[in-house]
Amino acid sequence: MTSATSAASPARTAQLGTLSLLAWSGPHFEEDRDVAFLMVYPLGDGEGGAEGAEAAVRELLEGIGIPAGTVHDAAHGARLPMTLLLEGGQVTLTLPQLRVQCVTPPEWMEAARAEGAAHFIFTTRAWPEAVPGARLTEEAMRAFVGDERTLTGAGHCVLPVSRLRG
């Protein structure tokens, strides 16, 4: 979880509110292996509530080149100003003026390393029920992540992962 302070224009920063990061792994379509998923979503707790957060996230997505409703593949050539770093059981997502970290389960790390990438979703749709520390059921997660409003109101991309070399 993070709270963005300068990720959008000054007029939108207060509307952005708190952004949360959720990592999970599982099958993707017809694939035989698990895939790492990473989703950033607003809680809708900023000025203007969910509507203000949606507008602020849309502006942020436009600025980083993954407008809501689009899909990009940075693992195969798309140039995006984002990086994913895997280190010590956690992932660090860096976007222009925004850095988000979260601890990930070992199966997520394994899937991200095996694929060399993670499927990233940045949704404009607020999810106020999924506050950090709250227990999320698989059913609630499926309902939100699989909802058409969530999927079509999100910027999607496949991001290559990197690791510190030592």
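Reading guide: rules and limits
Residues numbered from 1 in each chain as written. Predicted model: local features only at pLDDT ≥ 70, side-chain atom pairs only at ≥ 80, totals over all residues. Heavy atoms only, no water. pLDDT = per-residue confidence, 0-100. Helix = DSSP H or I, 4+ residues; strand = E, 2+ residues; numbered from the N terminus. Contact = heavy atoms within 4.5 Å. Buried < 20%, exposed > 50% of the residue type's maximum accessible area, 1.4 Å probe, protein only. Pairing = 2+ DSSP bridges. Core = buried A, V, L, I, M, F, W, Y, C linked by side-chain atoms within 4.5 Å. 1 Å grid on protein atoms, 1.4 Å probe; cavity = no way out; pocket = protein on both sides within 12 Å on 5 of 7 lines; lining within 4 Å. Points joined across faces, edges and corners; volume = space filled by probe spheres on them. Nonpolar A, V, L, I, M, F, W, Y, C, P; charged D, E, K, R; others polar.

Asks: What exactly am I supposed to notice about the confidence of the model for the protein chain here?
Replies: Detailed reading of the predicted model is not advised wherever pLDDT is low. Overall, the predicted model of the protein chain reaches an average pLDDT of 87, with 90% of residues at or above 70. Mean pLDDT per element in the protein chain: strand β1 (residues 2-3) is the minimum at 34, and helix α5 (residues 148-152) is the maximum at 96. The model gives residues 1-8 a pLDDT under 50, and that stretch makes 27 contacts with residues more than four places away or in other chains.

Asks: Honestly, the pairing of strand β5 (residues 83-87) in this entry has me stumped. Any pointers?
Replies: Put simply, side chains in a regular strand alternate between the two faces of the sheet. Here β5 shows a buried face lined by Leu-84 and Leu-86 and an unburied face lined by Thr-83, Leu-85 and Glu-87. Sheet topology places β5 next to strand β6 (residues 90-95); five bridges connect them, and they run antiparallel. If you follow Leu-85 over to β6, its bridge partner there is Thr-92. A loop of two residues connects β5 with β6, the two strands running antiparallel in sequence, and Gly-88 in this loop sits at a positive phi of about 50°. Two elements, β5 and strand β9 (residues 154-163), share three bridges in a ladder whose sense is parallel. Each residue of the ladder has a partner; that of Leu-84, found in β9, is Val-161.

Asks: How should I be thinking about the environment of Ala-75 in this particular structure?
Replies: Secondary-structure assignment places Ala-75 in the loop between β4 (71-73) and β5. Filtering out sequence-adjacent residues up to four positions away, Ala-75 remains in contact with Ala-117, Val-158 and Pro-160.

Asks: I would appreciate a short explanation of the nonpolar core in the present structure.
Replies: Note that soluble globular proteins tend to have their nonpolar side chains buried in a common cluster. Ranked by size, the top nonpolar core spans 34 residues in total, and within it Met-82, Trp-108, Phe-120 and Leu-159 carry the most contacts. No other element matches helix α2 (residues 49-64), which puts five residues into this core. Apart from the residues lying within four places of it in its own chain, the contact partners of Trp-108 are Ala-23, Trp-24, Ser-25, Ala-36, Phe-37, Leu-38, Leu-86, Val-91 and Ala-118. Judged by nonpolar contacts, the second largest core, of 14 residues, contains Trp-24, Trp-127, Met-141 and Val-145.

Asks: Explanation requested: the layout of surface pockets in the structure shown.
Replies: Rolling a probe over the atoms, with the probe sized like a water molecule, indicates the empty space that remains. Volume-wise, the largest pocket comes out at about 590 Å³. Taken together, 22 residues form the lining of the largest pocket, with Trp-24, Pro-27, His-28, Phe-37 and Val-145 sitting closest to its centre. The set of elements that each furnish at least two residues to the lining of the largest pocket consists of β2 (18-27), β8 (117-123), α4 (138-145) and β9. A breakdown of the residues in the lining of the largest pocket according to their chemical character gives 13 nonpolar, seven polar and two charged. Around the second largest pocket sit 11 residues that line it, and Leu-22, Tyr-41, Val-131, Pro-132 and Gly-133 are the ones nearest its centre. In terms of residue class, the lining of the second largest pocket is built from nine nonpolar, two polar and no charged.

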